[in-house]
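Fold and contact review
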Amino acid sequence: MMDAQKNLTVSRGQPKESKRQCRHHHGKRKPSIEEPTSPPSPVNEESVSVDILKLDDRPTTSSSEKRSPLLSISPKPVSRRPDSRPSSTRSTFEHIPGTRPASRRTVPESCGKHLSTTSTISRSSNRSRKSHADSSSHGLNRGQSSDSDSDHEEGKVTTFEHDFNAVDITDEKAFDTDLEVEDLVGHFLDGSYDAHQRIAHLLTSDQSTTYDHTGKTAYIDTCKKLGVVPASYFLRHMQDRHLNMRHHGLGPAGMRALAESLSSNTSVLELDLSDNWLGAQGGLAVCEMLKDNCFITELNLSDNRLGTGCAPHLAQIMQQNVTLTHVTLSGNEFDDHSAPYFAEAILNTTKVLYLNLSHNSFGDVSGTILGPAIADNSCIKELDLSWNCIRRKGAVAITQGVKNNIFMKKIDLSWNGFGLEGAIGLQDALKGNSVLEELDISNNRITAEGAVIIGKGLSVNETLTTLKMGKNPMQSAGCYGICAAILRNPNCVLKVIDFNDILVNKDFEDVFKQVQEQIPDIQLTHGGMEPPPKPKAKVHPMVKLVNYIEKHELRLVDFFNKFDKDGSMSVTHEEFVEGIEETGIKLSDGEIEELLNELDRDGDGEINYNELVVSHVDFQEKREQINTVLTVMQPRPMTT
């Protein structure tokens, strides 16, 4: 039995000379509570105390070893625990306006005794009991009165010693409500206390019989039925506005359990289920959930391998759900067979503002199906069809749809393969569309010719603010064509131009400066300046001489005779220059001078046949040495 006990003094009535007034008669006035002027009457008879018994009979040596208490009646006088915190004053609970007044049960006057209680019994959860064991020095001093019919009685004061400075009552893990102590006192006094019933009540007090409006109970029960492990992250965040369940590996069964709880959830507005390998069955569970849930506005089902089997159900939800505004379905292996369902959704939806169908397998057939739906769409403001396989006829159909659409503000067609045919269609779309603001056609095999064609559409467009054309093989010439088209359009409102990974040259830099003068706040991104052209390697004039001899299959003496008119086997510098001009060998003045200096080895102003032969042999040796070095530097082929 514990040494330390807490005094709980319960008094009936209030002396007439006390200044305390009943809180029920002065609801707007905070009652003042004063300490009783006269000390409590001494206890002449054996005091009734409620002590804590441990479930096991081992003696308790420290507060950390306390367990769930049982109650017993002991005639021992009340004593304070040595490990409890002493208090020099008595704390009095006052009624706070706006809260429920705490009830105070009174002791019948026939007892004529003050009751001393050593502790209180707390109806707490398993989690709070665990924290109770760690902070037992404070856990026994917590208290909160329960409501009863005695609230309307006057002059009831409950005071006991405690320090609440170290207790955070807003933390449900660290604060337990004491509800049963006063009831137990009444049962002790009238003799109706049954220990066995009390033990059974304590053991079953954590089992709630009320309806769990959070959906946690329904989720756990469904997990048990389906044999899946509950996602603890979901249990902790199921009341958040944005629920991020990406990369949790839910699978079809896990999604069915999650959908069961989300069907009635009213807190989650943005749901991210990307990369969970839901498959077609998991996608069907999401669709069934969205038929009941009318709170989710943003849904991300990326990378879940939903496939064509789930496409009609998703399209139906997009048409029927009245709250979904943002739908992301990228990376779900949708192909040409899925296109008709999404075309119907694009055509008939009245709530979806953003639709992402990127990273799928839509081809030319899908383009011809989705194009007319885009033309007649009257709701979607942003469409993402990037990273698909739309080319040729499909690309042309998509561009025609963009041309005739009057609601769409942003469209992403990057990483498809529009090519020259798509560029021609985009020229038409930019001329006819008067609402489109952002266009992304990066990496679409658009050449310099295609860029110039698109520029013709830009020269008359007055709404486009962002143009992205990076990673296209249009080089600096294509970028130059786009800037030149902007200069021809005085009403151009472009603010962002993206030529990412495309090298530009000095000519483009000059024309873009003119664009900046016309649109000062325009922003440009490109792949950098082209490296300056490398100077051509200097070719030795002897190389041209030898190439001429080998090309015309001449002997060296025959070649020399063309210069030696008199047959003296020696020619002057002037005769040699005239012979070079007659043969048609193109040499500059510097090269001719270099050749003469090399051939005239003795410097006498004439070139004889012997000097030509020696120079030719030396050149051949040097060329063989160079060829040998190049052969050694080449990688050797692999052998078996």
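Everything in this summary refers to the structure shown in the same document. Positions within a chain are numbered from 1, following the residues in the order the chain's sequence is written. Whole-chain, interface and lining totals are the exception, using all residues; otherwise, since this is a predicted model, local features are given only for residues with pLDDT of at least 70 and side-chain atom pairs are given and counted only at 80 or more. Hydrogens and waters are ignored; side-chain quantities use all the structure's heavy atoms.

1. Some words on the pairing of strand β16 (residues 496-499)
Quick reminder of the rule: Only strands that DSSP links by at least two bridges are regarded as paired with each other. Put simply, DSSP H or I for four residues or longer makes a helix, DSSP E for two residues or longer makes a strand, and each gets a number counted from the N terminus. Handedness of a crossover is defined as follows: with both strands directed away from the viewer, a clockwise route from the first strand across the helix to the second makes it right-handed.
Alignment of strand β15 (residues 466-468) against β16, held across three bridges, turns out to be parallel. If you follow K468 over to β16, its bridge partner there is D498. What joins β15 to β16 is helix α15 (residues 475-487), and the crossover it makes is right-handed. In this structure, β16 lies alongside strand β17 (residues 523-526), joined through four bridges in parallel fashion. Looking at β17, one finds that D498 is bridged to T525.

2. Considering the packing of aromatic side chains
Note the following rule: Ring pairs are drawn from Phe, Tyr and Trp, using the six-membered ring of Trp, whenever the two centres fall within 6.5 Å, and their geometry is named by plane angle: stacked under 30 degrees, edge-to-face over 60, tilted for the rest. By the criterion adopted, a ring carries a charge over it if an Arg CZ or a Lys NZ lies within 6 Å of its centre and within 35 degrees of its normal.
As enumerated under the stated definition, the model contains 10 aromatic pairs in all. Put simply, the rings of Y548, F559, F563 and F576 pair up and form one aromatic cluster. A cation sits over an aromatic face here: R305 above W277, 3.9 Å from the ring centre.

3. So, the pattern of salt bridges
We count it as follows: When a carboxyl oxygen of Asp or Glu lies within 4 Å of a side-chain nitrogen of Lys or Arg, that pair is called a salt bridge. Per-residue accessibility, obtained with a 1.4 Å probe over protein chains only, is compared with the maximum for each type, and a residue is labelled buried under 20%, exposed over 50%, and partly exposed between these values.
Counted according to the given criterion, the structure contains 15 salt bridges. Notably, a salt bridge pairs K471 with D501, separated by 2.4 Å at the nearest N-O pair. In this pair, K471 is assigned in the loop between β15 and α15 and D501 in the loop between β16 and α16 (506-518), connecting sequence segments 30 residues apart. Overall, D501 belongs to the partly exposed group, its relative accessible area being 49%. In this structure, E582 and K565 form a salt bridge, with 3.5 Å as the shortest nitrogen-oxygen distance. Note that E582 is positioned in helix α19 (residues 573-583) and K565 in the loop between α18 (556-561) and β18 (570-572), a separation of 17 residues in sequence. Grouping residues by exposure puts E582 and K565 together as exposed. Within this structure, E382, K410 and E438 form a network of salt bridges that share partners.

4. Digging into the environment of Q514
Along the chain, Q514 falls in helix α16. When its relative accessible area of 44% is taken as the criterion, Q514 is described as partly exposed. Sequence spacing of Q514 and C483 is 31 residues, and the spatial spacing of their C-alpha atoms is 8.8 Å.

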